[in-house]
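Examining the three-dimensional arrangement
Residues per chain are reported as follows:
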Amino acid sequence: MTTHAARCTTLLSMFLAAACYQGIDGGERSPAAADDDAPGGAEDPAGGDGEGGTAEPGDPNAPDPDAPFEVPGSEVEALPFHVRVQNLATVAGVKTDDPMFADMYAKRYQLGDHDYATGIAPNLRWTPEHMEAWVKALRPICSNVGFQSRYPDLATDPSKLVQAAFAREATADERLAFDEVAAGQVDGAGRHRMVCLAVLTSLEFVAR
């Protein structure tokens, strides 16, 4: 796969996953809030409350304001290898032992599969290396004649594949993103392949 193609699919994966992430709350309090909790209360620059006294201390029993969102507890975790293969088989309309999955099975341990008998534990971290191996394993599937005949209009209309992969309609933003990754391809086969890779590398399809 070309560097350009890999970059496009990775960027699209990040784009499609963006809505799943929220910012991290640093947990820092403002100087004003810190002053309010100080034992002696806050004082004005003149040393009083404007009337010769000191400001009232804050209520120590008052609850903290609600956090605006939950802090994510972990990074993205990929679906187990056999689940991803089953999902691909469902999308492609074949069984998991179809020859189109030969390259994927050959890379199964790079893709996080396990073999406890030989001491290989599952690895579900969605790292750049894992992403790259996944894209390479998908290429024979996206180029498969049977897969292409199942989605003949994919180069111009990804809606059928999106529906099969995500169980929902493609959004307007997603359609724009699919158009962008296909734009650099000189022929229909290249556009078909790039849209296929973009859909099947999105976090909505590979992660939980």
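The structure presented is a predicted model; accordingly, all values stated were derived computationally and were not measured.

Notes on the packing of aromatic side chains
Under the defined criterion, the tally for this structure stands at two aromatic pairs. Look at Phe81 and Tyr105: their rings are 5.9 Å apart centre to centre, the planes differ by 70°, and that puts the pair in the edge-to-face class. Linking Phe81 in helix α3 (residues 81-92) with Tyr105 in helix α4 (residues 102-106), this pair joins segments that are 24 residues apart in sequence. Across the ring face of Tyr109, the terminal group of Arg108 is positioned such that the distance to the ring centre comes to 6.0 Å.

Description of helix α7 (residues 159-166)
Among the residues of α7, those classed as buried are Ser159, Leu161, Val162, Ala165 and Phe166. Buried residues along α7 cover an arc of 160° about the axis, so they all sit on one side. Buried-residue contacts for α7 involve α3, α6 (145-150), α8 (172-183), α9 (188-201) and α10 (203-206). Just downstream of α7, Ala167 is the residue with a positive phi angle, here 60°.

Quick word on the environment of Gln110
Turning to its location among the elements, Gln110 is positioned in the loop between α4 and α5 (128-142). Residues Gln110 and Phe81, spaced 29 residues apart in sequence, show a C-alpha to C-alpha distance of 9.8 Å. The residues touching Gln110, leaving out its near neighbours within four places in the chain, are His130 and Ala133.

Focus: unusual backbone geometry
Backbone phi values are negative for most residues with the exception of glycine, while trans is the configuration of most peptide bonds. With a phi angle near 60°, Ala167 is a residue other than glycine that sits in the positive phi range. Considering the arrangement of structural elements, one finds Ala167 in the loop between α7 and α8. Given the relative accessible area of 63%, Ala167 is considered exposed.

Quick word on the state of the cysteines
On inspection of all chains with the given rule, the structure shows one disulfide. Paired through a disulfide, Cys142 and Cys196 show a sulfur-sulfur distance of 2.0 Å. Where Cys142 bonds to Cys196 through sulfur, the torsion about that S-S bond is close to -75°, and the disulfide is left-handed. Of the two residues, Cys142 is situated in helix α5 and Cys196 in helix α9; the sequence distance between them amounts to 54 residues. By relative accessible area, Cys142 is classed as buried at 0%.

Regarding the side chain of Arg84
Considering the arrangement of structural elements, one finds Arg84 in helix α3. Buried and without a salt bridge, Arg84 has Asp113 as its closest oppositely charged side chain, separated by 7.7 Å. Within the structure, the side chain of Arg84 is placed 3.1 Å from the side chain of His130, a separation counted as a polar contact. In this structure Arg84 touches Ala78, Leu79, Leu111, Trp126, His130, Trp134 and Val206, once residues within four positions along its chain are discounted.

Concerning the nonpolar core
Note that soluble globular proteins tend to have their nonpolar side chains buried in a common cluster. If you look at the biggest cluster of nonpolar residues, it comprises 42 residues, and the most contacted ones within it are Leu88, Met104, Trp134, Phe147, Val199, Leu200 and Phe205. At the level of elements, α3, α5, α7, α8, α9 and α10 are the ones that each hand at least two residues to this core. In terms of residue count, the dominant contributor to this core is α5 (eight residues). Setting aside its immediate chain neighbours within four residues, Met104 contacts Phe81, Val85, Leu88, Leu111, Trp134, Ala137, Leu138 and Ile141.

Examining the confidence of the model for the protein chain
Counting all residues, the mean pLDDT for the protein chain is 77, and 64% of those residues have values of 70 or more. By mean pLDDT, the top-scoring element of the protein chain is α3 (97), and the lowest-scoring one is helix α2 (residues 31-37) (43). Note on residues 1-55: pLDDT under 50 across the span, and 58 contacts to partners over four residues away in sequence or across chains. Note on residues 69-73: pLDDT under 50 across the span, and eight contacts to partners over four residues away in sequence or across chains.

Definitions and limits used
- Residues numbered from 1 in each chain as written.
- Predicted model: local features only at pLDDT ≥ 70, side-chain atom pairs only at ≥ 80, totals over all residues.
- Heavy atoms only, no water.
- Phe/Tyr/Trp six-rings, centres within 6.5 Å; stacked < 30°, edge-to-face > 60°.
- Helix = DSSP H or I, 4+ residues; strand = E, 2+ residues; numbered from the N terminus.
- Lys NZ or Arg CZ within 6 Å of the ring centre and 35° of its normal.
- Buried < 20%, exposed > 50% of the residue type's maximum accessible area, 1.4 Å probe, protein only.
- Arc of directions from axis to C-beta.
- Contact = heavy atoms within 4.5 Å.
- Disulfide = S-S within 2.5 Å.
- Lys, Arg positive; Asp, Glu negative; His and termini not counted.
- Salt bridge = Lys/Arg side-chain N within 4 Å of Asp/Glu carboxyl O.
- Polar contact = N/O pair within 3.5 Å; in protein donor to acceptor, adjacent residues only side chain to side chain.
- Core = buried A, V, L, I, M, F, W, Y, C linked by side-chain atoms within 4.5 Å.
- pLDDT = per-residue confidence, 0-100.

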